[in-house]
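Structure assessment
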Amino acid sequence: MRCPYCRHADSRVVDSREADDGQLIRRRRHCPECGRRFTTVEEAVLAVVKRSGVTEPFSRAKIIAGVRKACQGRPVDEDAIALLAQRVEETIRARGAAEVPSHDVGLTILRPLRDLDEVAYLRFASVYRSFESLSDFEREIAALREAASSKEAAAGGRPAEPSKRAGGEPAEPPKKAGAAALTVG
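Structure report, in brief. (Residues numbered from 1 in each chain as written. Predicted model: local features only at pLDDT ≥ 70, side-chain atom pairs only at ≥ 80, totals over all residues. Heavy atoms only, no water.)

1. A few points about the sheet that holds strand E2 (residues 24–30)
The strands that make up a sheet are held in pairs by hydrogen bonds between backbone atoms, and each pair lies either parallel or antiparallel. With respect to topology, three strands assemble into an open sheet ordered E1-E2-E3, the strand pairing being antiparallel. Every interior strand has two partners, whereas the edge strands, strand E1 (12–19) and strand E3 (37–43), have only one. The average angle at which neighbouring strand axes cross in this sheet is 20°, direction not considered. Pairing geometry for E1 and E2, over seven bridges, is antiparallel. What sits directly across from Glu 18, in E2, is Ile 25. (Pairing = 2+ DSSP bridges. Helix = DSSP H or I, 4+ residues; strand = E, 2+ residues; numbered from the N terminus. Axes fitted to C-alpha atoms, helices over the stretch in contact; angles between N-to-C directions.)

Structural data, given as structure tokens:
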């Protein structure tokens, strides 16, 4: 590491410490030429490789923006979205790869988003997986229903807990088909 004071090409590490939950390493260095000390910060950069081949730094803010758009008008609070983005980033970083395809980032978002809100999941999946017809939606809804019934069976036949709104209040019960009839006279 070049000394910022005298530009000498070599320096000695005096102390190293992890910061930001191990994402950063702060190193205290000493220059043998001028005798001054300075600090460097090293960060492992996670890069996302887009379909076009362009590489850009990973951005948690982009995940939050995409999930927020999918959750627009849904009873999902900002904290839940931020937590989802954090979990996605942790999952991707845990793989240990310096570069990750954007497709893998999208796949990593889908699972926790499905658990957070099924409608937001369908919105995100429809864009991410480029749904082109109604049958694509029907196929995905069938998969969601199958997963829900599997979850119910694993819970001992008990129905899943009713979904809750952002404030913790129960969601409105689903309306039955044909419950509200409109008569035109």
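2. Notes on the sheet that holds strand E6 (residues 99–101)
Across the sheet, which stays open at both edges, the three strands sit in the order E5-E4-E6 with mixed pairing between neighbours. In this open sheet, the two strands that pair with only one neighbour each are strand E5 (55–57) and E6. Across the sheet, the mean angle separating the axes of adjacent strands is 35° when strand polarity is ignored. Note that strand E4 (residues 47–49) and E6 share three bridges and pair parallel. When the bridges of E6 are listed, Val 48 appears paired with Val 100.

3. Re the packing of helix H4 (residues 118–128) against helix H5 (residues 134–154)
Packing of H4 against H5 brings their axes to within 11 Å, and their N-to-C directions diverge by 140°. Between H4 and H5, the angle is such that the two are oblique. As H4 packs across H5, the resulting crossing turns out to be right-handed. On H5, the residues that touch Glu 118, Tyr 121, Leu 122 and Ser 126 of H4 are Phe 137, Glu 140, Ile 141 and Leu 144. Class assignment of the residues belonging to the contact of H4 with H5 gives a composition of five nonpolar, one polar and two charged. (Parallel < 35°, antiparallel > 145°, perpendicular 65-115°, else oblique. Left-handed = near helix turned anticlockwise from the far one by under 90°. Contact = heavy atoms within 4.5 Å. Nonpolar A, V, L, I, M, F, W, Y, C, P; charged D, E, K, R; others polar.)

4. Re the pattern of salt bridges
Here the idea is simple: oppositely charged side chains can pair when their charged atoms come close. The tally for this structure, following the rule as stated, stands at eleven salt bridges. Notably, a salt bridge pairs Glu 56 with Lys 62, separated by 2.6 Å at the nearest N-O pair. Since its relative accessible area comes to 47%, Lys 62 is described here as partly exposed. Two residues, Asp 117 and Arg 74, come together in a salt bridge whose shortest N-O distance is 3.0 Å. Of this pair, Asp 117 sits in the loop between helix H3 (102–116) and H4 while Arg 74 sits in the loop between helix H1 (60–70) and helix H2 (78–94); the two residues are 43 residues apart in sequence, bridging distant segments of the chain. Counted as one network, the salt bridges with shared partners bring together Arg 27, Arg 29 and Glu 42. (Salt bridge = Lys/Arg side-chain N within 4 Å of Asp/Glu carboxyl O. Buried < 20%, exposed > 50% of the residue type's maximum accessible area, 1.4 Å probe, protein only.)

5. Description of the packing of H2 against H3
Remark: H2 packs on H3, axes separated minimally by 10 Å, with the N-to-C direction vectors making an angle of 140°. The angle between the axes of H2 and H3 places the two elements in the oblique class. Once H2 is placed against H3, the crossing between them reads as right-handed. Listed contacts from H3 to Ala 80, Leu 84, Val 88, Thr 91 and Ile 92 of H2 are Val 105, Thr 108, Ile 109, Pro 112, Leu 113 and Leu 116. A breakdown of the residues in the contact of H2 with H3 according to their chemical character gives nine nonpolar, two polar and no charged.

6. Regarding the pairing of E3
Examined bridge by bridge, E2 and E3 share seven bridges and lie antiparallel to one another. Within E3, the position partnered with Arg 29 by the bridge is Phe 38. Once E2 ends, the chain turns through six residues before running back antiparallel as E3, passing Gly 35 with a positive phi of about 80°.

7. Comments concerning unusual backbone geometry
A positive phi angle, near 65°, is found at Arg 7, a position not held by glycine. For Arg 7, a relative accessible area of 53% puts it in the exposed group. If you check the backbone angles, Ser 130 has positive phi at about 55° while not being a glycine. By the element assignment, Ser 130 lies in the loop between H4 and H5.

Everything listed here is a matter of coordinates, which is why it stays silent on function.
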